[in-house]
Amino acid sequence: MSKRIWKYAFSSALVLITLSGCIEEKNLRPFILPELVNTPNYLVESFPGDSVLLIAAEGGILTRYADDRQYAFTVSNYPVLDQIDPTDVEVLYSGANETFWLRSDSLIITFSRERISNYRDTTAFYRPTRFYFDYCLSDDGVLHRIDYYNEIWDPQSGSFLSDYFLAIHRFEPSGSGLWESVETELSVRSDLLSSPNAVFKGDELLILTNPSYHVSSFRSGEVVAEEIPRESTFDQVVDPVWNTDDVIYGLPSEPAFFSPFDAIIELPLVAENSQRLRLESACSPSADVIGPVKVLKWTDQEAVVYVQYFTNQLTTANEVVGYIYTYGLKDGSCDINSVQSDPILLPFSNAIRDVALLNTELYIGTESGLLVYDFATLTMVPYLKNLFDEETR
Amino acid sequence: MRPFVHIIRLLLILGSALPFTTHAQKETVLGLEGDWYVFSLKHFKSSFRHELGLSMFSHFYRSPDQAIHYEVDDGIAYPQPVYNRGFGLMSLHYEPRFRLIEYRNWASLSLDVPLVWSLSLVDLTTEDGFRYSADTVSTAAFNAGIFAVERETGLGLGHLEAGAMLSINLWQGATYENTFPLGLSIGAGVHRMFAPVQMNFIAGYERVEYQEFTAWWTPVSRLSLHYRGVVLSYTIGVNPTLVYYESLNSKRAVYTNTYNRFSLSLRIGR
């Protein structure tokens, strides 16, 4: 009898064990919450075509890709980031290898997903023209530097003018240096000397100087190029973009906050007959604006520019702290959107250091951190809070 | 819906255990005529029994994970489950049991309604002891690097449970007539938990702020051994969740939605 009872007890225990075995499993995964964006931001750069973003802050660098994956490179983990000079930073991006190139003086840093490489460029470039250069990325994502490598004066010319010759350097780090250089016969007269500006389209390279050259081949060491005939006065075309209609657009001067540009340069490739597309005539800005200081986005049809505006007063709710002009390159139209402040997040409009546009959001780098202004809702939120809310929603 | 699935599973499993009860056993142990009886209010006295029970330091629960706490370190947010957990110093329970179906005089299927009051220490916490607060972090604080608000003290005292269980009862206590001294019950059902009963008013915690964390359902099963009028029971949560998470680069795991209670009860009447 007692044996049977034990049998029952045993089978009951078995039942209990079976029932308590209904264990569900759940995984909670960490996510990146880059506190470094809450340190002063001095650079915010977006590449809207690739939907990527780079933020340079006192605490480090944050990169964000089209799939919303973010990578934070903090100064504590990468001390080299502390050597970036905030006043001299250039950022380029290649979608071909998902790599950001950040150049600060002679320091070159590449950021790919989860990986950072840095190089100190100690190359002895041609000294007399050391301030005349440009960096650009080829379509396969390799950094190029365009500069001058030599000056030749012909004593038979009867003048004091000489010729400066252009060099194309391709970034190929090796034991002997960082660059693989091609010295060309393309020259610029000393009285017309200007900083070269370059842009790639496929294998072709356009070097915009005075005169400009269309280089169709240089990689084999043999340079095939033709001079673009000029029909009007020379205009410098800074940060050029090469659109699908073979028209080059760029700026008349190096853009920077507090140093506005007044026009966009349009340069048809077939004949160098540049035009200045004057922004203020199309966009009739408010009298108090500093002016357009940054191109946020280029397309074949339009240029989106940020127009700086600030006062030294405390901001109030819905006060305008900047404008976005969407300028029609073909028809000269202008669409104006204002950026309205949040007095708690941005008490002083002059705290804005840099801006970048991605989709419908304006990323605003300030002295106290990164803010996001959403043009759809006309609201301003801290980037980190926005990110946290998105992740935990 | 899930508790009912468990009940059906329980019944199926119990069904497979019945062959242990042989015909010979029924006759030798009980020696009575076979028959089926269904619950009837006319014979309420014979279809009803109740128990009074006590648990001392043997009553623990954790709710399902009810919130997530984010531990932020070096630019990474590590989510951790937050659950309502209670430790019963002393729990009293009263349990009416309605015999729905009886088989002869030695087996029955009953509907049990356990009602539990527990003097317990209740908190809303993570495995590492972070006391989760329903207060939200202000934007200014968030920007200053404060990502969560922590309470200073426990959430409150005491908890209540009300449950519904279906039990299969054998011998002692299974029917009104049975006089065999030993008995066994196996049951499964759900408990509705309410915790805490008393919010920590000294710290000023308001129930309305923590409403979403103070009540939940938990599926349980129970094994009871009867000796005459004394019942020893162990109740266990049958649908725990094993939550894997990372904490500052170490892999961790914690069970939530658990329930454990040993209790000693005295049957009132037969």
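Think of each chain on its own: its residues are numbered from 1, step by step along the sequence as written. Think of it this way: whatever chain is written first is A, whatever ligand is written first is 1, and the rest follow in order. Residues qualify for local features only when their pLDDT is at least 70, as the model is predicted, and side-chain atom pairs are given and counted only at 80 or more; totals for whole chains, interfaces and linings, by contrast, use all residues. To obtain the side-chain values, all non-hydrogen atoms of the structure were used and water was disregarded.

A. Looking closely at the overall build of chain B. When helices and strands are counted, chain B shows four helices and 14 strands. Exposure classes here rest on a 1.4 Å probe applied to the protein chains alone. A residue is buried below 20% of its type maximum, exposed above 50%, and partly exposed in between. Looking at chain B as a whole, 51% of its 270 residues are labelled buried. Contacts: residue pairs with any heavy atoms within 4.5 Å of one another. Sequence-distant contacts in chain B: of pairs separated by 6 or more residues, those separated by 24 or more amount to 72%. In this description, accessible areas are obtained by the Shrake-Rupley approach with a 1.4 Å probe, and a residue is regarded as covered only by the protein chains that are shown. Within the structure as shown, chain B displays about 12,400 Å² of accessible surface, and the carbon and sulfur contribution to it stands at 64%. Numbered from the N terminus, helices here are DSSP runs of H or I no shorter than four residues, and strands are runs of E no shorter than two.

B. Representation of the overall build of chain A within the structure. Scanning chain A from terminus to terminus reveals three helices and 30 strands. Whereas a compact globule of 393 residues would reach a radius of gyration of roughly 21 Å, chain A reaches 27 Å, over 25% beyond that. Its C-alpha atoms put chain A at 125 × 55 × 40 Å along the principal axes. Counting the 393 residues in chain A, one finds 51% classified as buried. Surface accessibility of chain A: about 18,200 Å² in total, with carbon and sulfur atoms responsible for 48%. Mean positive and mean negative side-chain charge positions of chain A (27 and 57 charges, respectively) differ by 13 Å. Here the globule rule reads 2.2 Å times residues to the power 0.38, and the radius of gyration is calculated from C-alpha atoms. Here Asp and Glu are counted as negative and Lys and Arg as positive; His is not counted, and neither are the chain ends. Taken as the charge centre is NZ of Lys, CZ of Arg, CG of Asp or CD of Glu, depending on the residue.

C. Spotlight on the sheet that holds strand β23 (residues 291-298) of chain A. All names here are of chain A. A pair of strands is treated as paired once DSSP finds two or more bridges between them. Across the sheet, four strands lie side by side as β23-β24-β25-β26; this open sheet has antiparallel pairing. Both outer strands of the open sheet, β23 and β26 (334-340), are each paired with one neighbouring strand and no more. Taken pair by pair, the neighbouring strands of this sheet meet at an average axis angle of 25°, ignoring direction. Of the pairings in the sheet, the one linking β23 to strand β24 (residues 302-308) comprises six bridges and is antiparallel in character. Its bridge partner being in β24, proline 292 is matched across the sheet by valine 307. Between the N-to-C directions of two axes lies an angle of 0 to 180 degrees, each axis being a line fitted to C-alpha atoms and, for a helix, fitted only over the stretch in contact.

D. Layout of the nonpolar core. Take the buried residues of types Ala, Val, Leu, Ile, Met, Phe, Trp, Tyr and Cys, join any two whose side-chain atoms come within 4.5 Å, and each joined set is a nonpolar core. With 25 residues, the main nonpolar core has Leu33(A), Val37(A), Tyr363(A) and Tyr383(A) as its most contacted residues. Looking at this core, the elements that each hand over two or more residues are β4 (52-57), β27 (352-358), β29 (369-374) and α3 (383-392) of chain A together with β3 (67-73) and α4 (139-143) of chain B. For this core, the element with the most residues is α3(A), which contributes four residues. In this view, Tyr363(A) contacts Val44(A), Leu53(A), Arg64(A), Asp354(A), Val355(A), Ala356(A), Leu358(A), Leu370(A), Leu371(A), Val372(A) and Tyr383(A); residues no more than four positions away in its chain are not counted. Residues Ala56(A), Val89(A), Tyr93(A) and Leu107(A) belong to the second largest nonpolar core, which totals 22 residues.

E. Highlighting a nonpolar patch on the surface. All names here are of chain B. Residues form patches when they are more than 30% accessible in relative terms and have no salt bridge. Like charges link within 9 Å. Nonpolar side chains (Val, Leu, Ile, Met, Phe, Trp, Tyr) link within 5 Å. The rule for a salt bridge is simple: a side-chain nitrogen of Lys or Arg has to be within 4 Å of a carboxyl oxygen of Asp or Glu. A cluster of nonpolar residues, Leu54, Met56, Phe57, Leu92, Trp117, Leu119, Leu160, Phe194 and Val197, forms a patch on the protein surface that exposes about 760 Å² of accessible area. Secondary-structure elements contributing two or more residues to the nonpolar patch are β2 (48-62) and β6 (115-125). Broken down by element, the residue count for the nonpolar patch peaks at three residues, all from β2. Topologically, phenylalanine 194 is positioned in strand β8 (residues 182-194).

F. Structural view of the pairing of strand β3 (residues 41-47) of chain A. All names here are of chain A. Where burial is concerned, most of β3 is hidden: seven out of the seven residues are buried. The sheet contact formed by β3 and β4 spans six bridges and is antiparallel. The residue bridging asparagine 41 from the neighbouring strand is alanine 57, located in β4.

G. Local environment of the pattern of salt bridges. Under the defined criterion, the tally for this structure stands at 27 salt bridges over all chains. With its nearest N and O atoms 2.9 Å apart, the salt bridge here joins Arg113(A) to Asp67(A). In this pair, Arg113(A) is assigned in the loop between β9 (107-112) and β10 (115-120) and Asp67(A) in the loop between β5 (60-64) and β6 (70-74), connecting sequence segments 46 residues apart. Of the charged contacts, one joins Asp354(A) and Lys294(A) as a salt bridge, the two residues approaching to 3.0 Å between their closest N and O atoms. Taken together, the positions of Asp354(A) in strand β27 and Lys294(A) in strand β23 put the pair 60 residues apart, joining distant regions of the chain. Exposure class is identical for Asp354(A) and Lys294(A). Each is buried. Through salt bridges with shared partners, one network takes in Arg49(B), Glu51(B), Glu95(B), Arg97(B), Asp112(B) and Arg222(B).

H. The arrangement of the packing of aromatic side chains in detail. Only the six-membered ring of Trp is used, alongside the rings of Phe and Tyr, when aromatic pairs are assigned; centres must lie within 6.5 Å, and planes under 30 degrees apart are stacked while those over 60 apart are edge-to-face, with the rest tilted. With the rule as written, the count across this model stands at 41 aromatic pairs over all chains. Counted as over-ring charges are cases with an Arg CZ or a Lys NZ within 6 Å of the ring centre that also lie within 35 degrees of the ring normal. Cation over ring: Arg151(B) sits above Tyr205(B), and NZ or CZ is 5.5 Å from the ring centre.

I. Representation of the environment of Thr241(B) within the structure. For Thr241(B), the location among the structural elements is in strand β12 (residues 241-247). On the basis of relative accessibility, which here comes to 9%, the residue Thr241(B) falls in the buried class. Distance in space between the C-alpha atoms of Thr241(B) and Val254(B) is 8.1 Å, their sequence separation being 13 residues. Apart from the residues lying within four places of it in its own chain, the contact partners of Thr241(B) are Glu24(A), Lys26(A), Val254(B), Tyr255(B), Thr256(B) and Asn257(B).

J. Representation of the sheet that holds β3(A) in the model. Residue and element names in this part refer to chain A. Spatially, the four strands line up as an open sheet ordered β3-β4-β5-β6, and their pairing is antiparallel. Both edges of this open sheet fall to β3 and β6, since each of them pairs with a single strand only. The mean inter-strand angle of the sheet, taken between neighbouring strand axes irrespective of direction, is 10°. Its contacts with the sheet put α3 on β5 and β6, and the angle it makes with β5 is roughly 45°.

K. Structural view of the side chain of Arg64(A). All names here are of chain A. Its location among the elements puts arginine 64 in strand β5. Judged by relative accessible area, arginine 64 falls into the buried class, the value being 10%. In this structure the side chain of arginine 64 is engaged in a polar contact, spanning 3.4 Å, whose partner is the side chain of aspartate 68. Two N or O atoms count as a polar contact when they lie within 3.5 Å, although within protein this holds only if one can serve as hydrogen donor and the other as acceptor, and sequence-adjacent residues are included solely when both atoms are side-chain atoms. Here the side chain of arginine 64 touches tyrosine 383 through a polar contact of 2.8 Å, side chain to side chain. With residues up to four places along the chain from it excluded, the contact list for arginine 64 reads Ser51, Val52, Leu53, Arg69, Gln70, Phe100, Tyr363, Tyr383, Leu387 and Glu390.

L. Region of the structure containing the state of the cysteines. All names here are of chain A. The definition used for a disulfide is geometric: two cysteine sulfur atoms within 2.5 Å. The final tally for this structure, using the stated rule, is one disulfide over all chains. Residue cysteine 283 pairs covalently with cysteine 334 via a disulfide, S to S 1.9 Å. Looking along the S-S bond of the cysteine 283-cysteine 334 disulfide, the torsion reads about 105°, which is the right-handed sense. Pair noted here: cysteine 283 is in helix α2 (residues 279-283) and cysteine 334 is in strand β26, with a separation of 51 residues, a long-range link. With a relative accessible area of 25%, cysteine 334 lands in the partly exposed category.

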